[in-house]
Amino acid sequence: MRCILYYRFVSEMKKIAWIFMAAVAAGGIATACAQQGKGGRPAPAAVADIPEAAPPVFVPDLPKELTFAGEKVPVQYAEVREALEREMTVTMFMHSRTLRTLRLTTRYFPVIEPIMKKYGIPEDFKYLCMAESGLDPNTVSPVGASGLWQIMPSAAKDYGVETGSNVDLRFNVEIATEAACKYLRDAYKRYGSWTMAAASYNAGQAGVSRRMDIQGVKSYYDLFLPDETMRYVYRILSFKLLTENPQKYGYHLRRKDYFPAFENYKKVTISEQNIDWSAFAAKHGTNYKTLRILNPWIRSYEYANKGGTDYTVMVPTEGFRENGK
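Report follows, based on the coordinates. (Residues numbered from 1 in each chain as written. Predicted model: local features only at pLDDT ≥ 70, side-chain atom pairs only at ≥ 80, totals over all residues. Heavy atoms only, no water.)

## Some words on the overall build of the chain
For step 1, the next point in the chain: A tally of regular secondary structure across the chain gives 12 helices and six strands.
For step 2, the next point in the chain: Residue pairs in contact within the chain that sit at least 24 positions apart in sequence constitute 63% of those at least 6 positions apart.
For step 3, the next point in the chain: If you sum the accessible surface of the chain, you get close to 18900 Å²; carbon and sulfur atoms cover 54% of it. (Helix = DSSP H or I, 4+ residues; strand = E, 2+ residues; numbered from the N terminus. Contact = heavy atoms within 4.5 Å. Areas by Shrake-Rupley, 256 points an atom, 1.4 Å probe, with all protein chains shown as cover.)

## Some points on the nonpolar core
For step 1, the next point in the chain: By size, the foremost hydrophobic cluster in this structure holds 85 residues, and its most contacted members are Phe125, Trp149, Tyr201, Leu237, Trp277 and Trp297.
For step 2, the next point in the chain: With nine residues, the single largest contributor to this core is helix α6 (residues 173-191).
For step 3, the next point in the chain: Dropping the residues within four chain positions of it, Leu237 is found in contact with Leu66, Thr67, Phe68, Val73, Leu84 and Tyr221. (Core = buried A, V, L, I, M, F, W, Y, C linked by side-chain atoms within 4.5 Å. Buried < 20%, exposed > 50% of the residue type's maximum accessible area, 1.4 Å probe, protein only.)

## Some remarks on the packing of helix α2 (residues 78-93) against helix α9 (residues 227-244)
For step 1, the next point in the chain: It is the contact of α2 with α9, at a shortest axis distance of 8 Å, that shows an interaxial angle of 65°. Relative to α9, the crossing made by α2 is right-handed. Two secondary-structure elements touch here, α2 through Val80, Ala83, Leu84, Arg86, Glu87, Met88, Val90, Thr91 and Met92 and α9 through Asp227, Arg231, Tyr234, Arg235, Leu237, Ser238, Phe239, Leu241 and Leu242.
For step 2, the next point in the chain: Residues belonging to the contact of α2 with α9 are distributed by class as follows: 11 nonpolar, two polar and five charged. (Axes fitted to C-alpha atoms, helices over the stretch in contact; angles between N-to-C directions. Left-handed = near helix turned anticlockwise from the far one by under 90°. Nonpolar A, V, L, I, M, F, W, Y, C, P; charged D, E, K, R; others polar.)

## With respect to the packing of aromatic side chains
For step 1, the next point in the chain: Overall, the coordinates contain 15 aromatic pairs when judged by the stated rule.
For step 2, the next point in the chain: Between Tyr183 and Tyr201, the aromatic rings sit 5.5 Å apart at their centres with planes inclined by 85°, giving edge-to-face as the arrangement. Separated by 18 residues along the polypeptide, Tyr183 in helix α6 and Tyr201 in helix α7 (residues 194-203) bring together distant segments of the chain. The exposure classification of Tyr183 matches that of Tyr201, with both residues buried.
For step 3, the next point in the chain: Judged by centre distance (4.0 Å) and plane angle (10°), the rings of Tyr188 and Trp194 are stacked.
For step 4, the next point in the chain: On the basis of relative accessible area, Tyr188 is assigned to the partly exposed category, the value being 31%.
For step 5, the next point in the chain: Following the ring pairs from residue to residue traces out a cluster consisting of Trp277, Phe280, Trp297, Tyr303 and Tyr311.
For step 6, the next point in the chain: When the ring centre of Phe171 is taken as origin, the NZ or CZ atom of Arg299, which lies over that ring, is 3.7 Å away. (Phe/Tyr/Trp six-rings, centres within 6.5 Å; stacked < 30°, edge-to-face > 60°. Lys NZ or Arg CZ within 6 Å of the ring centre and 35° of its normal.)

What follows is the structure, encoded as structure tokens:
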């Protein structure tokens, strides 16, 4: 008897559930119909303007005028605005990566800006560095580009940067910046345009020049390029806009949130053969881990250094680990 009553109860509950689901579906259909505009298309949910307390997801307003390295960005063109919006939203909503990149600006901009100035490279190219590596000097791409400026082995060879499994100076921020500046300076001499120089940093000068010759145009914004390069300058511009006004795009960083530049260290030159980096670190009152933080170009525990090459090593001094600088 209990079983019969139980199954009757279950049967009744199933009927009630079906009735409820049918009612919800009908309500949903009615709601959808009510939202349809002319032509039967659903009217999009929209707000008149972005409220002061901006929601977590929104399409950013673009500036009416914009430049890169002193060269005008033609934001009057629809495809330019759409391309920039695309990269802005990608950069804005990769929250953890973008947030860390912004925090690292105060650590690495003071290092790379004076070098760029020395070579006559416009300051906007520091945003290229953000787009390339997220300002992480340990970055390695799937195709072998390495360091803060993501220098390929072939480019490193062209500009005299040592690479290898034990020592790789592409991971040395100062040396890599020197090489990147030399490349950009040479590219500018070739194209007469900093924007085209930036594009060639991604696609290579040969690839860019060949497409310019075929298409008969000289402006980056008129040139059809591989998708990655078509997006590249806009990605750089997205970091420029975010860095100059992070609050506008939803990033509220306090002064204490920015990482400090490295200050508590001394430079030691080493040229001996058969270097044991752990022993070197211990000799200078530190450890291998801390040595690698300051010198990411050290890529192994030991180095034969058969040629007796001089290397300048940053060695932490008092307060480095405690203060992170």
